[in-house]
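Summary of structural features
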Amino acid sequence: DLNESPGGLPVNQQFIEPTQSSGRMKKIFIFGGIGIAVLIGIFIWWLVTGSGQSLAVSIAVPDRLQIGVPVEVAVNMNNDSGTELKDAQVSLSLPTGLIFVGVPGARTVENQRIGALAEHKLTKTVFLVMATGGQNTVVELKVDVSYVPGALSSRFAKTVTAQAVIGEPGIELSIAPPVKV
């Protein structure tokens, strides 16, 4: 019979079965590829975040600043990422009314290169700033810490802010005329 194959199945059924099987294989490859991509994404996220831990950054600045009195602004970085963070840099941005002490000009951003941030270690860097005006105003200081995680080559950054109030002048000068001339 011309409609039967040597195995006894009709000819048209032999061609349908491989098509169904190849459709299943396509689905397996598509879902398998998506699954592998998701796993790679999770692995990269885990490398970057250090399995849920990260770089903690805080700014230590007095709540109230006196005009004309230099103060230290400390930037504290605690690396709990699970890996050494390379080529760390800290940038402090100052608002109007604050200046960097000992820095020529009226720059509003100062950068410090830190280098490597060892894992599970607190690193501190200090900037010396002074209020120059704006009595009884609230100012916001911004810190950007950028770094390269151990196994990756991309640069990451973390930004934190802190507020302070510019208060009264730290030094008052009063001039009085002499009593007798």
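Look up a bit, the structure's there.
Since we're looking at a predicted model, the values are computed, not measured. Along every chain, residues carry numbers that run from 1 in the direction the sequence is written. Local features in this predicted model are restricted to residues whose pLDDT is 70 or higher, and side-chain atom pairs enter the listing and the counts only when it is 80 or higher, whereas totals over whole chains, interfaces and linings include all residues. Heavy atoms throughout the structure, all of them, feed into the side-chain values; hydrogens and water do not.

**Description of the overall build of the protein**
Numbering goes from the N terminus for both helices and strands, where a helix is a DSSP run of H or I of at least four residues and a strand is a run of E of at least two. Counting secondary structure elements, the protein contains one helix and nine strands. The linear arrangement of helices and strands in the protein, starting from the amino end, is α-β-β-β-β-β-β-β-β-β. Exposure categories follow from relative accessible area, calculated using a 1.4 Å probe and restricted to protein chains: below 20% of the type maximum is buried, above 50% is exposed, and the middle band is partly exposed. When each of the 181 residues of the protein is scored for burial, the buried share is 27%. Only heavy atoms enter the contact rule, under which two residues are in contact if any of them lie within 4.5 Å. Within the protein, residue pairs in contact and separated by at least 24 positions form 70% of the contacts whose partners lie at least 6 positions apart. Method for areas: the Shrake-Rupley scheme with a 1.4 Å probe, in which residue coverage is limited to the protein chains shown. Accessible surface for the protein amounts to roughly 12,000 Å². Of this, 59% is attributable to carbon and sulfur atoms.

**A look at the pairing of strand 1 (residues 55-60)**
Residues of strand 1 alternate between two faces, with L55, V57 and I59 buried on one and A56, S58 and A60 left unburied on the opposite face. Strand direction decides the pairing type here: strand 1 and strand 3 (residues 71-79), joined by six bridges, are antiparallel. Note that in strand 3 the partner of A60 across the bridge is A74. Criterion used throughout: strands pair if DSSP finds at least two bridges between them.

**Here's the deal with the packing of aromatic side chains**
Classification of ring pairs rests on two measures: the distance between centres of Phe, Tyr or Trp rings, Trp counted by its six-membered ring, which must be within 6.5 Å, and the angle between planes, read as stacked under 30 degrees, edge-to-face over 60 and tilted in between. Following the criterion strictly, the structure yields two aromatic pairs and no others. Centre to centre, the rings of F100 and F127 are 6.3 Å apart; their planes meet at 55 degrees, and the pair counts as tilted. Of this pair, F100 sits in strand 5 (residues 98-100) while F127 sits in strand 7 (residues 122-131); the two residues are 27 residues apart in sequence, bridging distant segments of the chain. When sorted by exposure, F100 lands in the same class as F127, which is buried.

**As for the side chain of N79**
Inspection of the secondary structure puts N79 in strand 3. Other than its neighbours up to four places away in sequence, N79 contacts S54, L55, E84, L85, L117, A118, E119, H120 and K121.

**Some words on the environment of G82**
By the element assignment, G82 lies in the loop between strand 3 and strand 4 (85-93). Residue G82 is classed as partly exposed on the basis of its relative accessible area, which comes to 42%. Sequence spacing of G82 and E119 is 37 residues, and the spatial spacing of their C-alpha atoms is 5.9 Å.

**Some remarks on the pattern of salt bridges**
Only one rule defines a salt bridge in this text: a Lys or Arg side-chain nitrogen within 4 Å of an Asp or Glu carboxyl oxygen. Under the counting rule described, the total for this entry stands at five salt bridges. When the shortest N-O distance is used, the salt bridge between R113 and D87 registers 3.9 Å. Here R113, found in strand 6 (residues 109-117), pairs with D87, found in strand 4; they are 26 residues apart in sequence, far enough to count as distant. Residue class for R113 comes out exposed when judged on its relative accessible area of 62%. The salt bridge involving K142 is made with D144; its shortest N-O contact spans 3.9 Å.

**Examining the nonpolar core**
Only buried residues count toward a nonpolar core. Its members are Ala, Val, Leu, Ile, Met, Phe, Trp, Tyr and Cys residues joined through side-chain atoms within 4.5 Å. Membership of the largest hydrophobic core comes to 31 residues, with the highest contact counts inside it found for L55, V57, M77, L92, L98, V143 and V145. For this core, the elements supplying multiple residues, two or more each, are strand 1, strand 2 (64-67), strand 3, strand 4, strand 5, strand 7, strand 8 (137-149) and strand 9 (156-169). Broken down by element, this core gets its largest block of residues, five residues, from strand 8. Filtering out sequence-adjacent residues up to four positions away, V57 remains in contact with V75, N76, M77, V143, V145, K158 and V160.

**Looking at the pairing of strand 2**
On strand 2, burial follows the alternation: L65 and I67 on one face are buried, whereas R64 and Q66 on the facing-out side are not. One ladder, built from three bridges, connects strand 2 with strand 9; its direction is parallel. Bridge assignment links R64 to a residue of strand 9, and that residue is V165.

**Quick word on unusual backbone geometry**
Its identity is not glycine, yet D87 carries a phi of approximately 50 degrees, on the positive side. Phi is positive for H120, which is not a glycine, with a value near 60 degrees.

**Here's the deal with the side chain of S146**
With respect to the secondary-structure elements, S146 resides in strand 8. On the basis of relative accessible area, S146 is assigned to the buried category, the value being 15%. Within 3.5 Å is the distance limit for a polar contact, defined as a pair of N or O atoms, with the added protein rule that one can donate a hydrogen and the other accept it, and that residues adjacent in sequence qualify only through two side-chain atoms. One polar contact links S146 to R155, side chain to side chain, over a distance of 3.0 Å. S146 has contacts with D87, A88, Q89, R155, F156 and A157, leaving out every residue within four places of it along the chain.

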